[in-house]
Amino acid sequence: MCGIFACYRHPDVQKFKPTALKMGKAVRHRGPDWSGNWIANDTILVHERLSIVGVDSGAQPLVNDEKTISLAVNGEIYNHRILRKGLKNPYNFKTHSDCEVIIPLYLEHDAETPRFLDGMFSWVLHDKAQDRVIAARDPIGITTFYLGRSSTTPGAVYFASELKCLHPVCDDIISFPPGHVYDSKTDKLTRYFDPKWLVEPSNIPATPVDYKHLRNTLENSVRKRLMAEVPYGVLLSGGLDSSLVASIAQRETLRLNELAKKRVNGANGVNGSNGVQADGHAPGGLVGIDDTNELATVQVLPQLNSFSIGLPGAPDSAAAQEVADFLGTKHHTFTFTTEDGLNALSDVIYHLESYDVTTIRASTPMFLLSRKIKALGVKMVLSGEGSDEIFGGYLYFHAAPDKAAFHQETIRRVENLHLADCLRANKSTSAWGVEARVPFLDKAFLDVAMNIDPADKMITKERIEKYILRKAFDTTDEPDTKPYLPDKILWRQKEQFSDGVGYGWIDALKDQAEIHVTDEMMKNPKPEWGEDIPDSKEAYWYRCMFDEHFPPHCASTVMRWTPTWSKQTDPSGRAIATHEQAYKEE
């Protein structure tokens, strides 16, 4: 993850430059490797870089030869090799960065550019000749992005990766909507990501599940996310989603290692079978997938590293170790104490820029784990976010009344991921300069999974949650296929991450909230909260910590995570009666 700050049409951009650099510095944790800025007309772009691809040459902002187009990007463009190959007009690429392809794409496709990108991204592009800004965010909002305006500089538009860059200079901030593009020509946000399943939620899919197709599409999604020139690993909670991602990543790692051995033992240079050089790069020094779904990458570490965290004796840690042993990854199990977690809370809320209860509960262990991962020299990890939203994996989906309601709830959850699990995964890891990639939210995988008849996804007495995903990777009737996971893991019940790290974690948070928030405080919420009143002492406590870091107008960017079809306000999976470790009524 990188950090972006940009201001378009500032009345005195040279005078504003020191402030802009200061605002960029506020997200240097996202991009500790290098800083850059570019001024054209009355627009300034500031970039804080985390180098994952094009390490030696991809410093930003990126600028074309004529110095008329400048670009600041946060994210990864997985199909950049394919896009470079498909350009109609020649373009002089200065770097190996996957993001540079956005400039020639803009020259050919104008504001339609984001439609062609396969990846996770937030970017701001300035066209000097037209004095125009185009800004875009990936379809689901995997990368965080905000748009701000200020009553003191009317006409200026500000963009940033995090709230903390904007609130000192803006008094009107929104979360930049995923799948949208901003064009300063119209000063409007326009949806570019418009698949039928998203824009027509009343249209209920009727396509029966194709298990092999579902499996192959997820495998392709994981493969393209192994594009890197730095050490990478996988987050492994021991739940279904992260375990499947780890399993596929390990298969691909072993396959690539075998190919590398053949290249070294055979002819040096380019291997004609897959167009990859002996050093792991494609010709021209580029990494990434090509149009045959073959991957070129640089494996800095000989083994795939996997990481988990929990309180001592946590259910997820034991399951993660079992998966790692089965797969043969180099596994790192970290533990934290409740005191470690409680001590980190204020920092977690500062980085998350949220006061949502479930986000904070789950982000704290992830925040602590990311620091350990960075200390080991790993800069990129794969993670399992998105699966529960796509397949209705949360335990409250047991109560879905019919397939139409089930389908529409999955759409609502996917649409809100940028305010929940994507925000958590992005900001918890980028707080320490680690990038999280999420294969389940691949455009092609979403196209397959969200167009399956929701009747196939529904939970019944015979079918556990996410049955079709489990079944897609069940190889018991394929004697020639090596199992992806142990049966015990493949069919394990859903644990929300904040539960799986150890049930004592949530209990400790509630106990601390009782100490910090009195009954009297609950009866007298702050006037500036308006109607957004915390419904528990824990929620009240988090909101107070949020207020220490951010002014009241930032609260409009926060969404509370609550289950549907349930009277419970506690977002923990244990609040749902179908959980095997459900809270017992007093």
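A quick note: this is a predicted structure, and the numbers were derived from the prediction, not measured.

## A short note on the UniProt feature "active site" (unreviewed entry) in the protein
Logical step 1: Residues annotated in UniProt with the feature "active site" (unreviewed entry) correspond here to C2.
Logical step 2: Looking at the secondary structure, you find C2 in the segment before β1 (3-8).

## A closer look at the sheet that holds strand β10 (residues 172-175)
Logical step 1: Ordered in space as β2-β3-β1-β9-β8-β10, the six strands form an open sheet in which the pairing is antiparallel. Bordering the open sheet on either side are β2 (34-40) and β10, each of which pairs with just one other strand. With direction set aside, neighbouring strand axes in the sheet form an average angle of 15 degrees.
Logical step 2: Relative to strand β9 (residues 157-160), strand β8 (residues 146-149) is paired through three bridges, and the arrangement is antiparallel.

## Things to note about the UniProt feature "domain: Glutamine amidotransferase type-2" (unreviewed entry) in the protein
Logical step 1: The positions UniProt marks with the feature "domain: Glutamine amidotransferase type-2" (unreviewed entry) are residues 2-187.
Logical step 2: Along residues 2-187 the backbone is 17% helical and 33% strand, and the end-to-end C-alpha distance reaches 25 Å.

## A few points about the nonpolar core
Logical step 1: Among the nonpolar cores identified, the biggest contains 90 residues, and W123, I140, L214, I390 and F473 are the most heavily contacted of them.
Logical step 2: If one sorts the elements of this core by residue count, helix α7 (residues 240-265) sits on top with eight residues.
Logical step 3: Those residues in contact with F473 that lie beyond four places of it in its chain are R215, L218, L244, I248, Y484 and L490.

## A word on the sheet that holds strand β19 (residues 330-335)
Sheet strands pair by backbone hydrogen bonding; their relative direction is either parallel or antiparallel.
Logical step 1: Sheet architecture is open: five strands sit in the order β19-β18-β13-β20-β21, paired in parallel fashion. Two strands in the sheet have a free side with no partner beyond their single neighbour: β19 and β21 (435-437). Going across the sheet, the axis of each strand differs from the next one's by a mean of 30 degrees, ignoring polarity.
Logical step 2: Across three bridges, the pairing between strand β20 (residues 380-382) and β21 is parallel. Each residue of the ladder has a partner; that of M380, found in β21, is E435.
Logical step 3: Across the sheet, helix α10 (residues 357-375) lies against β13 (232-235), β18 (305-310), β19 and β20, angled at about 140 degrees from β18, the strand it touches most.

## Regarding the packing of aromatic side chains
Logical step 1: Counted according to the given criterion, the structure contains 26 aromatic pairs.
Logical step 2: Considering the side-chain rings of F367 and W432, the 5.2 Å spacing of their centres and the 55 degrees angle between planes classify their relative orientation as tilted. A residue pair is termed long-range when its members are at least 10 positions apart, and F367 in helix α10 and W432 in the loop between α13 (421-430) and β21 qualify at 65 residues.
Logical step 3: According to the relative accessible area criterion, W432 is partly exposed, its value standing at 25%.
Logical step 4: Ring geometry for Y396 and W561: centres 6.1 Å apart, planes at 75 degrees, overall edge-to-face. One end of the pair, Y396, is in the loop between α11 (387-391) and α12 (403-415); the other, W561, is in the segment after α20 (537-549), with 165 residues separating them in the sequence.
Logical step 5: Relative accessible area serves as the criterion here: at 3%, Y396 is assigned to the buried category.
Logical step 6: Taking relative accessible area as the criterion, W561 reaches 5% and is therefore assigned buried.
Logical step 7: The residue whose ring lies beneath R84 is F93, and the NZ or CZ to ring-centre distance is 3.9 Å.
Logical step 8: One cation-aromatic arrangement involves R543 over Y355; the distance from NZ or CZ to the ring centre is 4.5 Å.

## A short note on the environment of M23
Logical step 1: Note on placement: M23 falls in helix α1 (residues 13-25).
Logical step 2: Of the residues examined, M23 reaches a relative accessible area of 6% and is grouped as buried.
Logical step 3: When the C-alpha positions of M23 and V169 are compared, they lie 8.8 Å apart, and in sequence the two are 146 residues distant.
Logical step 4: Once residues within four sequence positions are removed from consideration, M23 is found in contact with F5, C165, P168 and V169.

## Notes on the state of the cysteines
The term disulfide refers to a covalent linkage connecting the sulfur atoms of a pair of cysteines.
Logical step 1: Using the criterion set out here, one finds zero disulfides in the structure.
Logical step 2: For C7, which is in no disulfide, the shortest distance to another cysteine sulfur is to C170 and amounts to 7.7 Å.
Logical step 3: Owing to a relative accessible area of 0%, C7 belongs among the buried residues under this scheme.
Logical step 4: Residue C554 stays outside any disulfide, its sulfur separated by 9.4 Å from that of C170, the closest cysteine.

## Looking at empty space enclosed by the protein
Logical step 1: By the definition in use, this model includes seven cavities of 30 Å³ or more.
Logical step 2: In this structure, the second largest cavity spans a volume of roughly 110 Å³.
Logical step 3: Lining of the second largest cavity is provided by 16 residues; of these, C2, L50, V53, G75 and D98 occupy positions nearest its centre.
Logical step 4: With four residues, the top contributor of residues to the lining of the second largest cavity is strand β5 (residues 69-77).

## Re unusual backbone geometry
Logical step 1: The omega torsion of the bond from Q60 to P61 falls at 0 degrees, within 30 degrees of zero and hence cis.
Logical step 2: Along the polypeptide, P61 turns up in the loop between β3 (43-49) and β4 (62-63).
Logical step 3: With a phi angle near 55 degrees, D187 is a residue other than glycine that sits in the positive phi range.
Logical step 4: Structurally, D187 can be placed in the loop between β11 (180-183) and β12 (188-191).
Logical step 5: In this structure D187 comes out as partly exposed when scored by relative accessible area, which is 37%.
Logical step 6: Even without glycine at this site, E353 takes up a positive phi of about 60 degrees.

## Observations regarding α20
Logical step 1: Taking 1.5 Å per residue as the helical rise, α20 with its 13 residues ought to reach 18 Å, and the 19 Å between its terminal C-alpha atoms agrees with that figure.
Logical step 2: Most of α20 is tucked away, with 10 of its 13 residues classed as buried.
Logical step 3: Residues K537, E538, A539, Y540, W541, Y542, R543, C544, M545 and F546 constitute the buried set of α20.
Logical step 4: Looking at the buried residues of α20, the elements they touch are α9 (338-352), α10, α18 (503-516) and α19 (519-523).

Conventions and cut-offs
- What you see as residue numbers is a count from 1 along each chain, following the sequence as written.
- Selection of residues for local features in this predicted model requires a pLDDT of at least 70, selection of side-chain atom pairs for listing and counting requires 80 or more, and totals for whole chains, interfaces and linings are taken over all residues.
- Values shown for side chains rest on all heavy atoms present in the structure; no hydrogens or waters enter the calculation.
- UniProt positions are given in the numbering used here, feature names are shortened, and annotations may be inferred rather than shown by experiment.
- Helix and strand assignments follow DSSP, with helices taken as H or I runs no shorter than four residues and strands as E runs no shorter than two, numbered in order from the N terminus.
- Note: two strands are recorded as paired if DSSP finds a minimum of 2 bridges between them.
- Orientation is described by axes fitted as lines to C-alpha atoms, over the contacting stretch for helices, and by angles from 0 to 180 degrees between their N-to-C directions.
- The set of buried Ala, Val, Leu, Ile, Met, Phe, Trp, Tyr and Cys residues whose side-chain atoms join them within 4.5 Å is what this entry labels a nonpolar core.
- Relative accessibility under 20% of the residue-type maximum defines a buried residue, over 50% an exposed one, and the middle range a partly exposed one, all with a 1.4 Å probe and only protein chains included.
- Throughout, a contact is declared for two residues whenever any of their heavy atoms are within 4.5 Å.
- For this analysis, a ring pair means two rings from Phe, Tyr or Trp (six-membered ring only for Trp) whose centres lie within 6.5 Å, classed as stacked if their planes differ by under 30 degrees, edge-to-face if by over 60, and tilted for the remaining angles.
- In this analysis the charged atom, NZ for Lys or CZ for Arg, is taken to sit over a ring once it is within 6 Å of the ring centre and within 35 degrees of the ring normal.
- A pair of sulfur atoms, both from cysteines and within 2.5 Å, is called a disulfide here.
- Using a grid of 1 Å spacing that covers the protein atoms alone, one calls a set of points a cavity when a 1.4 Å probe fits there but cannot get out, and a pocket when the set is open and has protein on both sides within 12 Å along at least five of seven lines; lining residues are those with an atom within 4 Å of a point.
- Grid points are joined across faces, edges and corners, and a volume is the space filled by probe spheres set on the points.
- Each residue after the first adds 1.5 Å to the expected span of a helix.

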